[in-house]
Amino acid sequence: MAPPAGRSAPGSPARRRAVATDAAARHPRPTREELAAAAQRTIPDVIAPGLDVLFVGINPGLWSAATGWHFARPGNRFWPALHRGGFTPRLLHPSEQDELPGYGLGISNMVARASARADELTPAELLEGAEVLTAKVARHRPRWVAVVGVTAYRIGFARPKAAFGPQPEPLAGARLWVLPNPSGLNAHFTPETLGAAFGELRAAVTAD
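Fair warning: this is a prediction, and the values are worked out from it, not measured in the lab.

What counts as what
Residues numbered from 1 in each chain as written. Predicted model: local features only at pLDDT ≥ 70, side-chain atom pairs only at ≥ 80, totals over all residues. Heavy atoms only, no water. Helix = DSSP H or I, 4+ residues; strand = E, 2+ residues; numbered from the N terminus. Buried < 20%, exposed > 50% of the residue type's maximum accessible area, 1.4 Å probe, protein only. Contact = heavy atoms within 4.5 Å. Areas by Shrake-Rupley, 256 points an atom, 1.4 Å probe, with all protein chains shown as cover. Phe/Tyr/Trp six-rings, centres within 6.5 Å; stacked < 30°, edge-to-face > 60°. Pairing = 2+ DSSP bridges. Axes fitted to C-alpha atoms, helices over the stretch in contact; angles between N-to-C directions. Expected span 1.5 Å × (residues − 1). Arc of directions from axis to C-beta. 1 Å grid on protein atoms, 1.4 Å probe; cavity = no way out; pocket = protein on both sides within 12 Å on 5 of 7 lines; lining within 4 Å. Points joined across faces, edges and corners; volume = space filled by probe spheres on them. Nonpolar A, V, L, I, M, F, W, Y, C, P; charged D, E, K, R; others polar.

### So, the overall build of the protein chain
Within the protein chain one finds 7 helices and 5 strands. Ordering the α and β elements of the protein chain from the N terminus gives α-α-β-α-α-β-α-β-α-β-β-α. When each of the 208 residues of the protein chain is scored for burial, the buried share is 46%. Long-range pairs, those at least 24 residues apart, make up 71% of the contacts in the protein chain with a sequence separation of at least 6. In the structure as shown, the protein chain presents an accessible area of about 10700 Å², 56% of it carried by carbon and sulfur atoms.

So, in structure tokens, the structure goes:
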């Protein structure tokens, strides 16, 4: 049966976009003052024992620190890539992050403190963050860990020649994968190619 005139079919691309847009409309943008005050803050992980994939960002941006949502800045393409890659049945708004464990997914960060740009982090912070992440993975035991950002992975884990995709060594028993940084500043990847990169991970997780 066709949907009523003027309404999109459930599950259609237009309907998924409408759901995400509605969620965004319910949450006002942080003010300039709120963003400035968010520097150095931390936000909780979205994590549970035995996840299929734990996604690991570099560190929270100011939008994330101000809202408490991972990958919250408008223009960040993590959530669309997650959907394009087949991990979620619809496009989630960052405010819906607590739904992720229901899909077997979680989010953490290499470095906990928020900053305006990831390049404000020091190598020492990334090295320490890798140690903290390793202990976290050993404690929560996800099947896969996906680090979102190859440069942070190379520095934090002392793998200067690491490339995107599966890594030869596990991390505390978990399979390890490196994804592109979904920031809108990363001009090397379009929304389509970023979604395809997430889709490659999804295929590996499903086949494992």
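Picking up where we left off.
### Some details on the packing of aromatic side chains
Scanning the entire structure with this criterion turns up 9 aromatic pairs. Ring centres 5.5 Å apart and planes at 80° place the aromatic pair Phe-55 and Phe-78 in the edge-to-face group. Here Phe-78 lies in helix H4 (residues 78–84) and Phe-55 lies in strand S1 (residues 53–57), a separation of 23 residues in the sequence. Residue Phe-55 shares its accessibility class with Phe-78, and that shared class is buried. One aromatic cluster is present, built from ring pairs that chain together Phe-55, Phe-71, Phe-78, Trp-79, Phe-87 and Phe-198.

### Regarding the sheet that holds strand S4 (residues 165–166)
Ordered in space as S2-S1-S3-S5-S4, the 5 strands form an open sheet in which the pairing is mixed. Each edge of the open sheet is held by one strand with a lone partner, namely strand S2 (105–109) and S4. Sheet analysis places S1 next to S2, joined by 5 bridges and oriented parallel. Across the sheet, Gly-57 pairs through a bridge with Asn-109, a residue of S2. Along the sheet, helix H7 (residues 191–207) contacts S1, strand S3 (144–148) and strand S5 (175–179); its crossing angle with S5, the most-contacted strand, is approximately 165°.

### Focus: H7
Since one α-helical turn is 3.6 residues long, residues separated by three or four positions face the same way. Spanning 17 residues, H7 covers 24 Å between terminal C-alpha atoms, matching the ideal 24 Å at 1.5 Å per step. Within H7, the full set of buried residues consists of Leu-194, Gly-195, Ala-197, Phe-198, Leu-201 and Val-205. Projection of H7 onto a plane perpendicular to its axis shows the buried side chains occupying an angular sector of 155°, all on one side. Of the exposed residues in H7, the ones pointing more than 90 degrees away from its buried face are Glu-200, Thr-206 and Ala-207. Looking at the buried residues of H7, the elements they touch are S1, H4, S3 and S5.

### Considerations on empty space enclosed by the protein
Once rolled over the atoms, a probe with the size of a water molecule shows which space is left empty. Enumeration over the complete set of coordinates arrives at 1 cavity of 30 Å³ or more. In this structure, the largest cavity encloses a volume near 30 Å³. Taken together, the residues of the lining of the largest cavity sort by class into 4 nonpolar, no polar and 2 charged.

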